[in-house]
Amino acid sequence: MRRRRGGLAALVPGLWLALFFAFPFLLVAKLSLSHTALAMPPYAPQLDLAAGWPGLVETVRGFDLATYRRLIDDPLYLKAFASSLGLAGAATGLLLLIGYPIAYGVTRFRPATRRLLILAIALPFWTSSLIRIYAWIAILKPAGLLNKALGLLGLPALNILNTNAAVLLGLVYAYLPFMVLPLYAVLDRQDAALLEAAQDLGASPRQVFWRVTFPLSLPGAAAGALLCFIPMVGEFVIPDLLGGSGTLMLGRTIWTEFFANRDWPTASAVALVMLAALLIPILLVQRHARVAP
Amino acid sequence: MSRGPTLFNRVSVALGLVFLYAPIVLLVVYSFNDGRLATVWAGASLRWYRALLNDAQMLDAVWVSLRVGVLAASLATVLGALAAVALTRGGRFRGRLGFSAMVYAPLVMPEVILGLSLLLLFVALDLPRGFWTVVLSHATVTLCYAAVVIGARLSSFDWTLEDAARDLGRRPLGAFLAVTLPNIAPAVGAAWMLAFALSLDDLVIASFASGPGATTLPMRLYSQVRLGVNPEINAVSSLIIGGVGAAVAAAWLLQSRRTAPTRPSLRLRAPGPSCARSPRS
């Protein structure tokens, strides 16, 4: 009885997600094997359902790997791939360094204060990243607020807008809540009895932290790192607004191929390659994330 | 046990909050700037908010975004609640692994990929892109967040209550509506508001899924932002941040409202001011 009802409740959302989430990936795969054409939609071959089986065969014959070959031959795509992984990796490292003391600090406050602090940290995550990144442009631009403040202090001006440094700053800024929340969740659930036991056995507060608290919080660090790294690799808004023309990131490459160059097959191929690279981290997340224990 | 925050703890939390909020505060402050330059202070005024009222394109985009948000959030909440019930209560039904993968994967999937694949679907189905395709896309992505929020509440719900209602003669759906739903109502409300906030904020997916005639607020903002910083953008942005902030804070209040323990015996032992307010059937 229970079993059947569970399946029943899954039916509608399952069909919905199969149609709107899973099935479209087949279309992306098909399109990545096609080539561009001056038509609408701008690719060939088209699947002509009216032609039946011969039509399908015709379509499959039209497929080739030319798009993928171009991804390998053109250094632009390899560079975008490498710099996406590099920037996302560097930002993840910085986020761990910055996020950990914040998450740990919050756990030391009284429960009522803790809840408020967590709300304050989570709130920016829900507000538009477009707007929050836009706010940084006014700060970082040459005559912006940062340089005014530096000028008042008699320090030399800093021009980092439209560089990778600004992209890194934007990534860390936009994803900080993503890192702090899973870390906090793990640190907050830690069994106080363990810490007391360590202390009773003569460990100094420093030893308690490094030998008990820190190792036990590593799953939270891993969850936070995955939650940040995966979407950062495909990030579009941040490199587009804060990066320069030389900032290549995969999300931006897909966007440009699609909207500016109208090269749908290439956009699809880049998306699929990125997805393949992210599949293992995504599976790890799925194993960690469980609605119910 | 030394539990209180040390100086280091206080400083790291304070610096973290300053880092998170300073750009937002500056953005809001400069939206009241009288000057045309977004970073040169020229006295306070509501000039840019008034300019906003005359910007028909911007107002149109706000209206599109609000309608998309309401429809998408409503769809997402219903679908997400069903998904959460299936995952917490469904046991080991067939296809569970694939189902949970589809529920969780969109949470981390880069938006560009989601947008591209949805667009290709609409092209393949020959659906004209516009208002409704954005609604469908946003519902798909936000239903996963709704499922997580509602699932968190369901996993602590005492299902024997629903069983009791069914033993007393309610049909399964009736028992769910009469007993379970009122108990998880705060989480359902929270899920709706979070889905609404996400829909209101989204640029990337909407840009792929939309067509001529359906420009959402973030799409409109993006095309302006590319032209440079301008105080009118600060004004719209401040309004959005205020609105979304209020929605999320309300969602948080709903969600963190202490649940009355669902077992009657426990309820007697733990009376509190919050128990009186808790929804109960």
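What counts as what
Residues numbered from 1 in each chain as written. Chains lettered and ligands numbered in written order. Predicted model: local features only at pLDDT ≥ 70, side-chain atom pairs only at ≥ 80, totals over all residues. Helix = DSSP H or I, 4+ residues; strand = E, 2+ residues; numbered from the N terminus. Buried ≥ 20, exposed ≤ 12 C-beta atoms within 10 Å, placed from the backbone. Contact = placed C-beta atoms within 7 Å. Nonpolar A, V, L, I, M, F, W, Y, C, P; charged D, E, K, R; others polar. Axes fitted to C-alpha atoms, helices over the stretch in contact; angles between N-to-C directions. Parallel < 35°, antiparallel > 145°, perpendicular 65-115°, else oblique. Left-handed = near helix turned anticlockwise from the far one by under 90°. Expected span 1.5 Å × (residues − 1). Bend = angle between axes of the 7 residues up to and from the residue. Core = buried A, V, L, I, M, F, W, Y, C linked by C-beta atoms within 7 Å. pLDDT = per-residue confidence, 0-100.

**Examining the overall build of chain B**
Tallying secondary structure elements over chain B gives 13 helices and 0 strands in all. Each helix and strand of chain B, placed in order from N terminus to C terminus, yields the pattern α-α-α-α-α-α-α-α-α-α-α-α-α. Scored against the burial criterion, the 281 residues of chain B give a buried share of 49%.

**Brief notes about the overall build of chain A**
On a plain count of helices and strands, chain A comes out with 14 helices and 2 strands. A total of 293 residues make up chain A; the buried ones form 44% of that total. Pairs at least 24 apart in sequence give 70% of the contacts found in chain A among residues at least 6 apart.

**Some details on the interface of chain A and chain B**
Note: interface size is frequently given as the accessible area lost on complex formation between the parts. With 80 residues of chain A at the interface, the matching set in chain B holds 79 residues. In terms of residues, the side of chain A that touches chain B owes the most to one element, helix H1 (residues 2–32) of chain A, which gives 22 residues. For the side of chain A that touches chain B, the per-class residue count stands at 61 nonpolar, 12 polar and 7 charged.

**Digging into the packing of helix H3 (residues 56–89) of chain B against helix H8 (residues 172–201) of chain B**
All names here are of chain B. Taken N-terminus to C-terminus, the directions of H3 and H8 make an angle of 140°; their axes are 8 Å apart at the nearest point. When the interaxial angle is binned, H3 and H8 end up oblique. For the crossing formed where H3 meets H8, the hand is right-handed. Across from Ser65, Val68, Gly69, Val70, Ala72, Ala73, Ala76, Thr77, Gly80 and Ala81 in H3, the residues of H8 making contact are Val188, Ala191, Trp192, Ala195, Phe196, Ser199 and Leu200. Residue composition of the contact of H3 with H8, grouped by class: 12 nonpolar, 5 polar and no charged.

**Thoughts on the environment of Thr163 of chain A**
Along the chain, Thr163 of chain A turns up in the loop between helix H7 (145–152) and helix H8 (164–188). The class for Thr163 of chain A is partly exposed, based on 16 C-beta atoms found within 10 Å.

**Details of the environment of Leu158 of chain A**
Residue and element names in this part refer to chain A. As for its position among the elements, Leu158 is in the loop between H7 and H8. For Leu158, a count of 13 C-beta atoms within 10 Å gives the class partly exposed. As a C-alpha pair, Leu158 and His35 span 123 residues in sequence and 45 Å in three-dimensional space. Residues contacting Leu158, with those up to four places away along its chain left out, are Leu146, Asn147 and Leu150.

**So, helix H4 (residues 75–107) of chain A**
The first and last C-alpha atoms of H4 of chain A sit 47 Å apart over 33 residues, in line with the 48 Å expected at 1.5 Å per residue. Largest kink in H4 of chain A: about 30°, centred on Gly99 of chain A, with the proline Pro101 of chain A one to four residues after it.

**A few points about the nonpolar core**
Of all hydrophobic cores here, the largest spans 174 residues; its most connected members are Tyr175 of chain A together with Leu116, Ile150, Leu194 and Ala195 of chain B. Among all residues touching Ala195 of chain B, those that are not within four sequence positions of it are Ala72, Ala73, Ala76, Thr77, Thr142, Tyr145 and Ala146 of chain B.

**Thoughts on the packing of helix H6 (residues 131–154) of chain B against H8 of chain B**
Residues and elements named next belong to chain B. Across the interface, H6 lies against H8 with an axial gap of 9 Å and an inter-helix angle of 150°. With respect to their mutual orientation, H6 and H8 come out roughly antiparallel. Once H6 is placed against H8, the crossing between them reads as right-handed. Across the interface between the two elements, His138, Thr142, Tyr145, Ala146, Val149, Ile150, Ala152, Arg153 and Leu154 of H6 pack against Ile184, Ala187, Val188, Ala190, Ala191, Leu194, Ala195, Leu198 and Ser199 of H8. Looking at the contact of H6 with H8 residue by residue, the class counts come to 14 nonpolar, 3 polar and 1 charged.

**What to know about unusual backbone geometry**
Residues and elements named next belong to chain A. Of note, Asn162 is a non-glycine position whose phi angle comes to about 70°, a positive value. Positionally, Asn162 belongs in the loop between H7 and H8. In this structure, Arg262 takes a positive phi of about 50° despite not being glycine. The exposure class of Arg262 is partly exposed, given the 15 C-beta atoms found within 10 Å.

**Notes on the confidence of the model for chain A**
Here chain A averages 85 in pLDDT, and 90% of its residues register 70 or above. Averaged over each element, pLDDT in chain A is lowest for helix H2 (residues 52–61) of chain A (71) and highest for H4 of chain A (94).

**Topic: the confidence of the model for chain B**
Residues and elements named next belong to chain B. In this model, chain B carries a mean pLDDT of 83, and residues with pLDDT of at least 70 account for 89%. Confidence, read as mean pLDDT per element, is least for helix H12 (residues 264–269) in chain B (34) and greatest for helix H9 (residues 204–209) (94). Across residues 259–281 the pLDDT falls below 50, and counting only partners more than four positions away or on other chains, this stretch makes 25 contacts in the model. In the predicted assembly, ipTM is 0.84 and pTM is 0.85.

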